[in-house]
Amino acid sequence: MRDRILAFFSALVYAFLYIPIIIVIVFSFNSSKMLGQFTGFSLKWYDVLLGDRVVWNAFYNSLNIALVTTLVSLFLGTLAAYGVIRLDVGGKSAVDGLLYIPIIIPEIAESLSLLLFYKFAGYQLGWLTVLLGHIAFDISFVYVIIKARLAGFNRSIEEASLTLGANEVQTFVKITLPLSMPGITAAALIAFTLSFDDFIKTAFTTGPGFQTLPLVIWSQSARGGVGPEINALTSIIIAFSMILAYIYTKLASERS
Amino acid sequence: MSLVEKLLSSARKHRSLAIALLLGPPLTYLTIYFFAPFIITVLYSVGLIGGRGTLTGNISIKFYRQALRWVYIKVFYNSLILAALATVGCLLLAYPVAYFIAMKAPKKWRNPLVVSVIIPYWVDFLLRTYALMNIFAMLGIMFRYDAVVIGMIYDYLPFMILPLYASLEKIDRSLLEASYTLGASPWKTFIHVTLSLSKPGIAAGTILVFVPAIGEFIVPTMIGGVSVTTIGTLTWDLFLKFHDWWRGAAVSVMYIAVVLAALAIYMRKVGELEI
C-alpha cells in the first residue's frame, strides 16, 4: 500500500514534468497560431520553420557556440581534472576550491562582471565574447564530473601498465582514456546542454547582430507570443534528444 | 621519439612540470575570463573605473550606500524567501521520487527513469516557462506569487532529484535489513538510516537549487510580470535597461557576499559537502 502511494506520487511528479513539454509538441501541430486552442492538425508551422531565416540563423549560432564550447571546455576541464588528482593534499583542496567557484557564483553576477570586463578591456561584443563566457562557465562542470570519475578508479591499473613496459602515451590512450570515457561523455552532454540552453550570459555578453535561439525566443515572448514555428523546432529537438537518450541508456546498460 | 613523448618523459621525471602543464591552461583561462572580471566589477562598484572605462583614481562608497537603501534590501529579502520556498518545494516533491527510483523501482527501470527526469530539460528553459505560462493563463493564476513559486519548482526539480537519487542509490541495503532485524519499524528505519544517510544528497540538492534560485530572472519576469522583483530582475534592469554599471556592480558584489555567507552557514551546519 505504502509503495503504491509512492509510485502514484512519483507518477504525478513525472506528469508535472512532462505536461508543459507535451503542450509544446501538441501545439506545434496546431493549425492556428493560438497556443491554448487546438483548432486542427496541420504541419504548416514546420513549413514556416523551413523558411524562417531568423530562427535558422539563431539555431545555427546556438549549435556553433555549444559545439565549440563543449570541445574547448572538455579539453581544459579534463586537463584540470588530471592535474588536480596528481597534486598533494594541500594543493589539491586549494585548486579544487578555485575550480568550484564558477559553479557556486550565481550566473547573473558572473555575466555582468564579464560584460564590465569586456567593456573595460575594449572587446567587440559578439560571437567571440559569448563563446569565451560560455567556456569559462563550462570548464568547472566538466572538471567536477571527470574528477569524480577519475577518483573512482584504481590508480594501480595505470601503474601496472607502466611497470609492464608501456610508456605514458600508451598507458593514457589504452588505459586512462577508456576508463574515464563514461565521465567524458557525461561531461560533454552537460557542457553542451548548459551552453545550448544559456540565456542570461548570452544576453549580457552578446553584441548587435549576434542572436542565439534563446535570445530569439525571449524577444518573441517579450513581444507577446512565441511563434508556433519555435514549437515545431523544439519538437524536432526533443525527438532528436530522445533518440540520443535511448542510444545512450542502451549503451550504458550494455556496458554495465 | 616524438615531441609529445619527449615532453611526457621529461614530465615524468619532473612531477611539478607535469602538473604545471596540466593545470596551467585551465587556470590561466579562468583567471582571465572568470576571476579578472570580478576584480573589474569590484573596481566599478567603488567608483575606481569611470564612464569610458578610464581609471578615476578615487574610491567612494556611495554606490554601496545607494545599494543599501531599504528598497534594495527588501528585494534581497524577497529573493531569499522565494528561493527558500522553491527549495523546500523541490525537496518535498523530489525526495519521494528519488526514493522510489532508487529503492522501489525494478532495477532495469532505474536508468530510463533517471534519464526521463532529464529529458524535459533539453527543451529550452524559456520555452518550458512559456508553456507553463499558457497553462497558468488557462488556470487563471498568472502574475500570482504562488504561480512564480510553482514555476521555479518546475525549473529546478531535476537539480534536486538527481543528487538525492545518487545518494539514496549508494545506501547499502544490508543496513536496512539489519535495522529491521533489530526490531526497528519501517518508519524508524527510514528516519534513522535512510534519511540520515541521504544527507549529502539533500545538501547538494539544496545548494544546486537555492543558489541559482536567489538570482532567478526568467521565471519572475515571465510569470510574475512586474509583481515580483528579485535580485535577478533588479540586476537585469540596472544593467541592460538603465546602464547603471556602478550601482549594478555594487548590488552584484553584495549579492555574491550574501550567497557566500549563506553557503558558509549552511556548510557549517550540514558539514562536509558532496556535489
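For the structure, check the block above.
A.B. asks: How do you make sense of the interface of chain A and chain B when you look at a structure like this?
C.D. replies: The extent of an interface is frequently quoted as the accessible surface area lost upon association of the parts. At the junction of the two partners, chain A supplies 80 residues and chain B supplies 79 residues. With both sides pooled, the region where chain A packs onto chain B buries about 7400 Å², and carbon together with sulfur makes up 81% of that total. The largest contributions to the chain A side of the interface with chain B come from Tyr14, Leu116 and Phe120 of chain A, which together make up 9% of the buried area. In this assembly, chain A and chain B are joined by two salt bridges. Residues Asp197 of chain A and Arg128 of chain B are paired through a salt bridge, measuring 3.7 Å at the closest nitrogen-oxygen approach. Linking chain A with chain B are five residue pairs in polar contact (both at pLDDT 80 or more). Of the residues forming the side of chain A that touches chain B, the biggest block, 16 residues, is contributed by helix H1 (residues 2-28) of chain A.

A.B. asks: Which parts of the structure should I look at to understand the side chain of Arg110 of chain B?
C.D. replies: Residues and elements named next belong to chain B. If you trace the backbone, Arg110 turns up in helix H5 (residues 107-118). Classification of Arg110 as buried rests on a relative accessible area of 13%. Beyond its immediate chain neighbours, meaning those up to four positions away, Arg110 contacts Ile101, Ala102, Ala105, Tyr165, Glu169 and Arg173.

A.B. asks: Can you walk me through the pattern of salt bridges in this structure?
C.D. replies: Pairing between side chains becomes possible if they bear opposite charge and their charged atoms approach one another. Enumeration according to the criterion identifies nine salt bridges over all chains in this entry. Here Lys201 of chain A makes a salt bridge to Glu110 of chain A, at a shortest N to O gap of 3.2 Å. Of this pair, Lys201 of chain A sits in helix H9 (residues 200-205) while Glu110 of chain A is found in helix H5 (residues 107-121), placing the two residues 91 residues apart along the sequence. Using a relative accessible area of 1% as the deciding quantity, one classes Glu110 of chain A as buried. With a closest N to O distance of 3.6 Å, Asp237 of chain B and Lys241 of chain B form a salt bridge. Placement of the pair is Asp237 of chain B and Lys241 of chain B together in helix H12 (residues 231-241), with a separation of four residues, close to one helical turn. The exposure class of Asp237 of chain B is partly exposed, given its relative accessible area of 24%. A network of salt bridges, in which partner residues are shared, links Asp197 of chain A together with Arg128 and Asp155 of chain B.

A.B. asks: Which parts of the structure should I look at to understand the packing of aromatic side chains?
C.D. replies: The relation between two aromatic rings is expressed through the spacing of the ring centres and the mutual angle of the planes. Applying the stated criterion across every chain yields a total of 28 aromatic pairs over all chains. Consider the rings of Tyr95 of chain B and Phe190 of chain B, whose centres lie 5.9 Å apart with planes at 90 degrees: the pair is edge-to-face. Taken as a pair, Tyr95 of chain B in helix H4 (residues 70-104) and Phe190 of chain B in helix H9 (residues 186-197) lie far apart in primary sequence, 95 residues in all. Measuring from ring centre to ring centre gives 4.1 Å for Phe217 of chain B and Trp236 of chain B, while their planes differ by 20 degrees; the resulting arrangement is stacked. With a gap of 19 residues between them, Phe217 of chain B in the loop between helix H10 (199-214) and helix H11 (218-224) and Trp236 of chain B in helix H12 connect regions that are remote in the sequence. Its relative accessible area of 3% is what places Phe217 of chain B among the buried residues. Members of the aromatic cluster, each reached through a chain of ring pairs, are Phe199, Phe204 and Trp218 of chain A together with Phe217, Trp236, Phe239 and Trp245 of chain B.

Here is what the cut-offs are and how they apply
- Residues numbered from 1 in each chain as written.
- Chains lettered and ligands numbered in written order.
- Predicted model: local features only at pLDDT ≥ 70, side-chain atom pairs only at ≥ 80, totals over all residues.
- Heavy atoms only, no water.
- Contact = heavy atoms within 4.5 Å.
- Buried area = accessible area lost by both parts, 1.4 Å probe.
- Salt bridge = Lys/Arg side-chain N within 4 Å of Asp/Glu carboxyl O.
- Polar contact = N/O pair within 3.5 Å; in protein donor to acceptor, adjacent residues only side chain to side chain.
- Helix = DSSP H or I, 4+ residues; strand = E, 2+ residues; numbered from the N terminus.
- Buried < 20%, exposed > 50% of the residue type's maximum accessible area, 1.4 Å probe, protein only.
- Phe/Tyr/Trp six-rings, centres within 6.5 Å; stacked < 30°, edge-to-face > 60°.

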